[in-house]
Amino acid sequence: MLTRLLAVLLLLPIGACSAQTEAPEEAAKPAVERQEGRDYVTIAEPARFTDDATRIEVVEVFAYSCPHCANFEPMFVKWKASQADDVLPVQVPMAFGGSGEAFGRLFFAAESMGVLDKTHQATFDAFHVDHRQFRSLADVIAYYAELGVDRPALEATLESFPVTAKLAKAQEIVPKWGVQGTPSVIVDGRYRIVGGPEGGLEGTIATLDHVVEMVRQQRRGN
């Protein structure tokens, strides 16, 4: 498996990157009511990525090569830090195509090894700050080794059953959510955030807050 993946060129498209941009700074505006169908949609085939149904799962589907995902990353990190214990933030790579599958394996392997703190933001930076060229999976493995990740352990983990299972689940479930571009945010496996009337990524965060609270009230029976 690893030998086959090493031959995959990583410069192939990883999937659509949605054309969300940062909203320009404006004077404070009154809160806008969120509308289903405009700001968020109900998913026809609800599905959760994790097995923890006790918490409100919030999944960001991302791609390292996507500049909008790179812009959204610090916003999502800040958002996660402010959440109550009943919210479970999760990140899932858009793992389709040769490069998408390769980077999906890398993400889940790094997660399994507990080294995302070394690799996750660094991979975004490699693409969008350093404009580093990754021509094969071997190039990225070498880069992760530069970051202090144990190379033999990483190579073994890439082929492990847990990583393969998570990759397969991502490939199965992301289409059910109707994801066509990145970043995309899914709440409780039931709602996909479209954006917000404010526009840009700020609108996405504002709608996300609204839908999380909506799900919280639904769970309380309100």
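Quick caveat, the model's predicted, so the values are computed rather than measured. (Residues numbered from 1 in each chain as written. Predicted model: local features only at pLDDT ≥ 70, side-chain atom pairs only at ≥ 80, totals over all residues. Heavy atoms only, no water.)

Here we look at the pairing of strand E2 (residues 56-62)
The buried fraction of E2 amounts to seven of the seven residues, a majority that puts the element mostly inside the structure. Judged by which residues are buried, E2 turns out to be covered on both faces: Ile56, Val58, Glu60 and Phe62 on one side and Glu57, Val59 and Val61 on the other are all buried. The sheet contact formed by E2 and strand E3 (residues 87-93) spans seven bridges and is parallel. Bridge pairing in E3 links valine 58 to proline 89. Since E2 and E3 lie parallel, the crossover through helix H2 (residues 67-81) that links them has a hand, and here it is right-handed. (Buried < 20%, exposed > 50% of the residue type's maximum accessible area, 1.4 Å probe, protein only. Helix = DSSP H or I, 4+ residues; strand = E, 2+ residues; numbered from the N terminus. Pairing = 2+ DSSP bridges. Right-handed = clockwise from strand over helix to strand, strands pointing away.)

Topic: the pattern of salt bridges
Inspection of every chain in the model, using the stated rule, returns 13 salt bridges. For aspartate 39, the salt bridge goes to arginine 38, with nearest N and O atoms at 2.8 Å. The residue aspartate 188 makes a salt bridge to arginine 219 at a minimum N-O spacing of 2.9 Å. Here arginine 219 lies in helix H8 (residues 200-219) and aspartate 188 lies in the loop between strand E4 (184-187) and strand E5 (191-193), a separation of 31 residues in the sequence. Residue classification places aspartate 188 among the buried residues on the basis of a relative accessible area of 8%. Residue classification places arginine 219 among the partly exposed positions, given a relative accessible area of 36%. Three or more residues are tied together by salt bridges with common partners; here these are Arg48, Asp188, Arg190 and Arg219. (Salt bridge = Lys/Arg side-chain N within 4 Å of Asp/Glu carboxyl O.)

A word on the side chain of threonine 123
Tracing the sequence through the fold places threonine 123 in helix H4 (residues 116-128). By relative accessible area, which is 0% here, threonine 123 ends up buried.

Brief notes about the packing of H2 against H8
Each packed pair of helices is defined by two parameters, the angle between the axes and the distance between the axes. At a minimum axis separation of 10 Å, H2 and H8 run at an interaxial angle of 40°. In terms of orientation, H2 lies oblique with respect to H8. Crossing hand, H2 versus H8: right-handed. Of the residues in H8, those in contact with His68, Asn71, Phe72, Met75 and Trp79 of H2 are Leu201, Glu202, Thr204, Ile205, Leu208, Asp209 and Val212. Classifying every residue of the contact of H2 with H8 gives seven nonpolar, three polar and two charged. (Axes fitted to C-alpha atoms, helices over the stretch in contact; angles between N-to-C directions. Parallel < 35°, antiparallel > 145°, perpendicular 65-115°, else oblique. Left-handed = near helix turned anticlockwise from the far one by under 90°. Contact = heavy atoms within 4.5 Å. Nonpolar A, V, L, I, M, F, W, Y, C, P; charged D, E, K, R; others polar.)

Side note on helix H5 (residues 137-146)
Three or more residues of H5 are buried, namely Leu137, Val140, Ile141, Tyr143 and Tyr144. Down the axis of H5, the buried set is contained in an arc of 160°. They therefore lie on one face. With its phi angle positive at about 100°, glycine 148 sits one or two positions after the end of H5. (Arc of directions from axis to C-beta.)

Considerations on the packing of H2 against H4
Close contact between H2 and H4 brings their axes to 10 Å; oriented N to C, the two are set at 140°. By the angle between their axes, H2 is oblique relative to H4. Note that H2 runs across H4; the crossing there is left-handed. Where H2 abuts H4, its residues Pro67, Cys69, Ala70 and Glu73 lie against His120, Gln121, Phe124 and His128. Tallied by class, the residues present in the contact of H2 with H4 amount to four nonpolar, three polar and one charged.

Keep in mind these values describe shape, not function.
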